[in-house]
Amino acid sequence: MFHLRTCASKLRPLTASQTVQTLSQNKAAAVRTFQQIRCVSAPVAAEPFLSGTSSNYVEEMYCAWLENPKSVHKSWDIFFRNTNAGAPPGTAYQSPLTLSRGSLATMAHAQSLVEAQPNVDKLVEDHLAVQSLIRAYQIRGHHVAQLDPLGILDADLDSSVPADIISSTDKLDLAVFKERLGMLTVGGFYGLDESDLDKVFHLPTTTFIGGQESALPLREIIRRLEMAYCQHIGVEFMFINDLEQCQWIRQKFETPGIMQFTNEEKRTLLARLVRSTRFEEFLHRKWSSEKRFGLEGCEVLIPALKTIIDKSSENGVDYVIMGMPHRGRLNVLANVIRKELEQIFCQFDSKLEAADEGSGDMKYHLGMYHRRINRVTDRNITLSLVANPSHLEAADPVVMGKTKAEQFYCGDTEGKKVMSILLHGDAAFAGQGIVYETFHLSDLPSYTTHGTVHVVVNNQIGFTTDPRMARSSPYPTDVARVVNAPIFHVNSDDPEAVMYVCKVAAEWRSTFHKDVVVDLVCYRRNGHNEMDEPMFTQPLMYKQIRKQKPVLQKYAELLVSQGVVNQPEYEEEISKYDKICEEAFARSKDEKILHIKHWLDSPWPGFFTLDGQPRSMTCPSTGLEEDVLAHIGNVASSVPVENFTIHGGLSRILKTRRELVTNRTVDWALAEYMAFGSLLKEGIHVRLSGQDVERGTFSHRHHVLHDQNVDKRTCIPMNHLWPSQAPYTVCNSSLSEYGVLGFELGFAMASPNALVLWEAQFGDFNNMAQCIIDQFICPGQAKWVRQNGIVLLLPHGMEGMGPEHSSARPERFLQMCNDDPDVLPDLTESNFDINQLYDCNWVVVNCSTPGNFFHVLRRQILLPFRKPLIVFTPKSLLRHPEARTNFDEMLPGTHFQRVIPEDGPAAQAPENVKRVLFCTGKVYYDLTRERKARDMTEQVAITRIEQLSPFPFDLLLKEAQKYPNAELAWCQEEHKNQGYYDYVKPRLRTTIDRAKPVWYAGRDPAAAPATGNKKTHLTELQRFLDTAFDLDAFKKFS
Ligand SMILES: Cc1ncc(C[n+]2csc(CCOP(=O)(O)OP(=O)(O)O)c2C)c(N)n1
């Protein structure tokens, strides 16, 4: 658009005596005078055919002619000369010269044709037709590209040829051309016909097919378009709404002869194909009946990835983080990341014992981290493959988050040093919603990794399912269009075409820092795994596959025929690699023990001792000096920048905060502030992410202040605490739980010295991210020996808000805790509490006081190891006048309280207590209110379990023993089949050696988490409070 406007602005009135020479010298004046002259006085503008699109086109032509008369077709040259020489409108045109096939030289004869003819409409129409044709190839050429190596399928699931592309794959076959012309009934093919094939047309600026030529005969234009868009590469990019990016891609694919490789490059490509192919063959020979999800049919993946890495390394990247599914994973580990082959081979030995804690994982799920020299660029490169579960695409956001964190910690604000590559299967890429959710993070300021290169192993089948049954979009990659990522489809049996698109993809990323997709259209030589029979379901496809020559063989034959290598050299390359495999195999027999730790994707150097143990098994006090508390409190209740107007309501909130600080107390929001701020002071990066977290769903947090007078001017007081503090990141996320939680989990993987928190809008939305919770957070350390300190803040509580927005589903988190309900641990062990934390898979807490919330957040970092922390956070308690903590409970020497025992009258005379109510979280306040109302403070003790898991057996035993004459009951506001009861009851019974029953006071079992009826809600509440304080309630059962 800009270009056209500039060109048009150069149109200016010419006098009959002016020469073309002087015209082009007067450009500056033209720019100034364009507004008046454009359609009024330029001689060209008087032509009768000028209207709408044609005038734009002629302007462009005219402009090009002004710059260089030779750059336009001769007939235009004559036309413009004639109009400027004063030819009356309609008489300046002379018909274009018809050229014999390919003979541009004869254009010179056009000079001799000076006779004016009135057929200018046809000239314009023909040129516009050619422009449209070029555009049609750019938009739809990929639909006729030959992408399927098997030659039997259509990568876009459509065998038809777009109606506005002239030739089919038969290229310029006259019969085909005629047939296609015939298909277009309205006005022929944009008005072009067979007789136009040898006419010469000026090329628009939106194409590079001309190379050095600015005009070409139609026949040649079509041939070049076919070469650029309809061979083994299908380029999908015209949906991108950025002219510069589109031009960049056109230049990369249209420029004649641009896809050139040196012999050296071809030999490297062959050698990489040898490794990829022979690796799978080796595994097949040694372990023919083992599942390995081999790469056969897409062996080109290995050179493809290496090309992306080489090119990125050349452009300055020194850390590549990768995520990938099962297919070809062992090959990638061996030949891209370069894991020692013997380490891979010994994974096949079923007799090896595991050396590490945890349950381990299948070999094709494990991760890897390796730093080495890139031989092509001679630069250091670190490669990491993130461990992943079977759940396809689930690792995508995790990889993104880890990449973002690595960029953040090395100050790589533009993604020039650290990048990610994500691999996908075609069925999974199209089918899994997380792909879309992850794409939507790709350009958000706090989540962008400045471009990911996506590589799809598109073997045109998903397990046994045909793509026609697996997706509704033409390509499996269409999801990438939402973020304007260019998509390069390529026939995987053409290794050079693959290398070329991979180079372009890497260049795209380093130029524009945006996502890009390489779609490797290939096939799967075997079944879904090596044991599967594909002929059951895809008989014809597999008949063809059986006949298909392996790509290595095809490419080797090509290079031998070209004289790039000879047969003995090729064979030598094969035997060299086979020998490497055999030697590694022999060495693998010496491995006695399986070390999962060797497969760690994110080592934390310096955090553990050399043998991977925590540096101590203690945790210091999580309290803070009074002046630190006061300072954070003061900043939290102020606006630390000048001339910044905040909302009046917020001023009141800050004033209340200030009063709290003056009174040496904190509410929930201040407690969180104190925890975050103090960690920042200690150099710990804090990152809080989730929907609307900046303000807080319940409007209690306000970590980002907004100037009421200046648009988008914000202030984050947390970043104004101390001059040399660590940075604080607080970011409202996209509306995705799966994607964002996965991202934050990945972020937390990168460093142990960061507090990374994800907050659900309401706790129940965590189930949208169930896969991240079930597959990564809960079992991550057991499967992959990888610790992670992510914190989940899950607002929870029965407050009459209906079935949704009430329960964060504590029962699910508790059900997945790995502590044994039936075995009392050794309570005499020193540092029992820390050991228990070390052994658990995650920590689950429900704090009843802001102070305890403060302590548990700080403990998360002060512990000598990392565990995921699940916090059920309050809603109404955020503003509850009793939910306050005095500074005294946050000073040095204070700790997180796993259990908060009764400390009222009941605790003074415990032998008189008739009932101990154990509870957790907000219900405590309902219970104390009710107890007070019933005047039962001496008869009923209320003990809060703040850390539900690992279960505080030691403290609860003391608590139970303290009240020898009391009944024990568990009280919760959740329904009986939900909440904590099923988790707590057997553990409490184990604690007291089953000496007494543990009674239940709470809501009845129910299908929904909460009622939608306010009255029912209150009735239920009163009913269970009645039970809790009716000292005869359980008599009938005992
Ligand atoms: C979320 C999820 N659903 C189902 C499966 C079971 N599964 C494993 S592989 C596979 C087919 C995947 O096809 P594709 O993505 O094309 O990869 P390919 O195996 O062909 O390389 C399926 C359905 C899974 N692993 N993950």
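Residues numbered from 1 in each chain as written. Predicted model: local features only at pLDDT ≥ 70, side-chain atom pairs only at ≥ 80, totals over all residues. Heavy atoms only, no water.

Caption draft 1: Structural detail: the overall build of the protein chain. Looking only at helices and strands, the protein chain has 35 helices and 28 strands in total. Buried residues in the protein chain amount to 60% of all 1038 residues. Accessible surface, the protein chain as shown: approximately 40,500 Å² in total, 52% of it carbon and sulfur. (Helix = DSSP H or I, 4+ residues; strand = E, 2+ residues; numbered from the N terminus. Buried < 20%, exposed > 50% of the residue type's maximum accessible area, 1.4 Å probe, protein only. Areas by Shrake-Rupley, 256 points an atom, 1.4 Å probe, with all protein chains shown as cover.)

Caption draft 2: View of the sheet that holds strand β18 (residues 754–759). Here we have seven strands laid out as an open sheet, ordered β17-β14-β18-β19-β21-β20-β26, and mixed in their pairing. The open sheet has two edge strands with one neighbour each: β17 (728–732) and β26 (947–949). Averaged over all pairs of adjacent strands, the angle between their axes in this sheet comes to 20°, without regard to strand direction. In terms of strand pairing, strand β14 (residues 685–690) meets β18 through six bridges, oriented parallel. (Pairing = 2+ DSSP bridges. Axes fitted to C-alpha atoms, helices over the stretch in contact; angles between N-to-C directions.)

Caption draft 3: Local environment of the site of the ligand. In the neighbourhood of the ligand, 15 residues make up the surrounding shell, with H326, R327, S390, D426 and A428 lying closest. A distance of 2.9 Å is found between an oxygen atom of the ligand and a side-chain nitrogen or oxygen belonging to R327. At 2.9 Å from a nitrogen atom of the ligand is found a main-chain nitrogen or oxygen belonging to S390. Within the complex, the protein chains bury 74% of what would otherwise be the 570 Å² of accessible surface of the ligand. Of the residues contributing to the shell around the ligand, the split by class is five nonpolar, eight polar and two charged. (Near = heavy atom within 4 Å. Polar contact = N/O pair within 3.5 Å; in protein donor to acceptor, adjacent residues only side chain to side chain. Nonpolar A, V, L, I, M, F, W, Y, C, P; charged D, E, K, R; others polar.)

Caption draft 4: Spotlight on the sheet that holds strand β25 (residues 940–945). Within the open sheet, the five strands sit side by side as β23-β25-β24-β27-β28. Their pairing is mixed. Among the strands making up the open sheet, the edge pair consists of β23 (899–900) and β28 (998–1003). Both strand β27 (residues 967–975) and β28 contribute to a ladder of five bridges, which runs parallel. Its bridge partner being in β28, W970 is matched across the sheet by Y1000. Sheet strands in contact with helix α35 (residues 1014–1029) are β24 (915–919), β25, β27 and β28, and its direction is about 160° off that of β28. (Contact = heavy atoms within 4.5 Å.)

Caption draft 5: Highlighting the pattern of salt bridges. Throughout the structure, instances matching the rule amount to 52 salt bridges. Residues E530 and R292 are paired through a salt bridge, measuring 3.8 Å at the closest nitrogen-oxygen approach. With a gap of 238 residues between them, E530 in the loop between β11 (516–521) and α19 (539–547) and R292 in the loop between α10 (263–286) and α11 (301–314) connect regions that are remote in the sequence. Assessed through its relative accessible area of 16%, E530 is described here as buried. Within this structure, K122, D126, D196 and K199 form a network of salt bridges that share partners. (Salt bridge = Lys/Arg side-chain N within 4 Å of Asp/Glu carboxyl O.)

Caption draft 6: Inspection of unusual backbone geometry at higher detail. A cis amide bond, omega -5°, links S949 with the succeeding residue P950. Mapped onto the elements, P950 comes out in the loop between β26 and α33 (953–962). Of note, the phi angle at D378 is positive, near 60°, even though the residue is not glycine. Take D378: it is sitting in the loop between β6 (368–374) and β7 (379–385). With relative accessibility at 62%, the residue D378 sits in the exposed group. With a phi angle near 50°, N643 is a residue other than glycine that sits in the positive phi range. Within the element layout of this structure, N643 appears in the loop between α22 (626–636) and α23 (648–662).

Caption draft 7: Quick peek at the packing of aromatic side chains. Summed over all chains, the structure comprises 37 aromatic pairs. Considering the side-chain rings of F429 and F439, the 6.1 Å spacing of their centres and the 65° angle between planes classify their relative orientation as edge-to-face. On the criterion of sequence distance, the pair formed by F429 in helix α15 (residues 426–431) and F439 in helix α16 (residues 433–439) is long-range, its members being ten residues apart. Residue class for F429 comes out buried when judged on its relative accessible area of 1%. Relative to F762, the ring of F698 has its centre 5.3 Å away and its plane inclined at 80°; by these criteria the two rings are edge-to-face. Remark: F762 occurs in the loop between β18 and α26 (770–777) and F698 occurs in the loop between β14 and β15 (705–706); sequence separation between them is 64 residues. Residue classification places F698 among the buried positions, given a relative accessible area of 18%. In this structure F762 comes out as buried when scored by relative accessible area, which is 10%. Linked through ring pairs, F279, F282, W287, F345, F348 and F585 together constitute an aromatic cluster. (Phe/Tyr/Trp six-rings, centres within 6.5 Å; stacked < 30°, edge-to-face > 60°.)

Caption draft 8: Broad picture of the environment of N241. By the secondary structure assignment, N241 is in the loop between β3 (233–236) and α9 (243–254). Judged by relative accessible area, which is 66%, N241 ranks as exposed. Sequence separation between N241 and N484 is 243 residues; the distance between their C-alpha atoms is 7.5 Å. There is a polar contact of 3.1 Å between the side chain of N241 and the side chain of N484.

Caption draft 9: Seen up close, the side chain of R915. Structurally, R915 is set in strand β24. Within polar-contact distance, the side chain of R915 engages the side chain of E967 at 2.9 Å.

Caption draft 10: View of the confidence of the model for the protein chain. Across the protein chain, the average pLDDT comes to 88, with 87% of residues at or above 70. Throughout residues 97–118 the model reports pLDDT below 50, and contacts reaching past four residues in sequence, or to other chains, amount to 44 contacts. Taken together, the stretch residues 184–188 has pLDDT below 50 and engages in two contacts with residues farther than four places along the chain or on a different chain. (pLDDT = per-residue confidence, 0-100.)

Caption draft 11: Structural detail: the pairing of β24. Most of β24 sits inside the fold, with five of its five residues counted as buried. What you see with β24 is no split at all: R915, L917 and C919 on one side and V916 and F918 on the other are buried throughout. Of the strand pairs in this sheet, β24 and β25 are connected by five bridges, and their pairing is parallel. Looking across to β25, one finds that F918 is bridged to T943. A crossover links β24 with its parallel partner β25, the connecting element being helix α32 (residues 923–934), and its sense is right-handed. Here four bridges tie β24 to β27, and the two strands are oriented parallel to one another. (Right-handed = clockwise from strand over helix to strand, strands pointing away.)

Caption draft 12: Structural detail: the state of the cysteines. One pass over the structure, following the stated rule, counts zero disulfides. There is no disulfide at C817, and the cysteine sulfur nearest it, in C778, is 7.6 Å away. (Disulfide = S-S within 2.5 Å.)

Caption draft 13: Highlighting the nonpolar core. One finds L301, M322, F345, I421, V455 and L792 to be the most contacted residues of the largest nonpolar core, which totals 178 residues. Per element, the largest residue contribution to this core is eleven residues, and it comes from helix α18 (residues 495–512). What M322 contacts, discounting residues up to four positions off in sequence, is L305, I309, V332, I337, S384, L385, V386, V399, I421 and L423. The next biggest cluster of nonpolar side chains, apart from the first, holds 79 residues, and it includes V686, I834, A969 and L1025. (Core = buried A, V, L, I, M, F, W, Y, C linked by side-chain atoms within 4.5 Å.)

Caption draft 14: Region of the structure containing helix α34 (residues 981–991). Burial in α34 covers these residues: Y981, Y983, V984, R987, L988, T990 and T991. Just past α34, the residue D993 takes up positive phi, approximately 55°.

Caption draft 15: Region of interest: the packing of helix α24 (residues 668–681) against helix α30 (residues 850–862). Interhelical geometry of α24 versus α30 gives an angle of 20° and a closest axis separation of 8 Å. One finds that α24 runs roughly parallel with respect to α30. The chirality of how α24 crosses α30 is right-handed. Packed against α24, whose contacting residues are W668, A671, E672, M674, A675, F676, S678 and L679, the element α30 presents P850, F853, F854, L857, R858 and I861 at the interface. Residue composition of the contact of α24 with α30, by class: eleven nonpolar, one polar and two charged. (Parallel < 35°, antiparallel > 145°, perpendicular 65-115°, else oblique. Left-handed = near helix turned anticlockwise from the far one by under 90°.)

Caption draft 16: How the structure looks around helix α8 (residues 218–229). Along its twelve residues, α8 runs 16 Å from first to last C-alpha, staying within 8% of the 16 Å computed at 1.5 Å per residue. Within α8, ten of the twelve residues are buried, which leaves the element mostly enclosed by the surrounding structure. Listed in full, the buried residues belonging to α8 are L218, R219, E220, I221, I222, R224, L225, E226, A228 and Y229. Where α8 is buried, its residues touch α6 (120–140), β1 (200–202), β2 (215–217), β3 and α9. (Expected span 1.5 Å × (residues − 1).)

Caption draft 17: The environment of L688, seen in detail. Inspection of the secondary structure assignment puts L688 in strand β14. Its relative accessible area of 0% is what places L688 among the buried residues. Once the C-alpha coordinates of L688 and V791 are considered, the two residues, 103 residues apart in sequence, prove to be 9.3 Å apart. With residues up to four places along the chain from it excluded, the contact list for L688 reads F676, V693, R701, Y728, T729, V730, C731, L757, E759 and L793.

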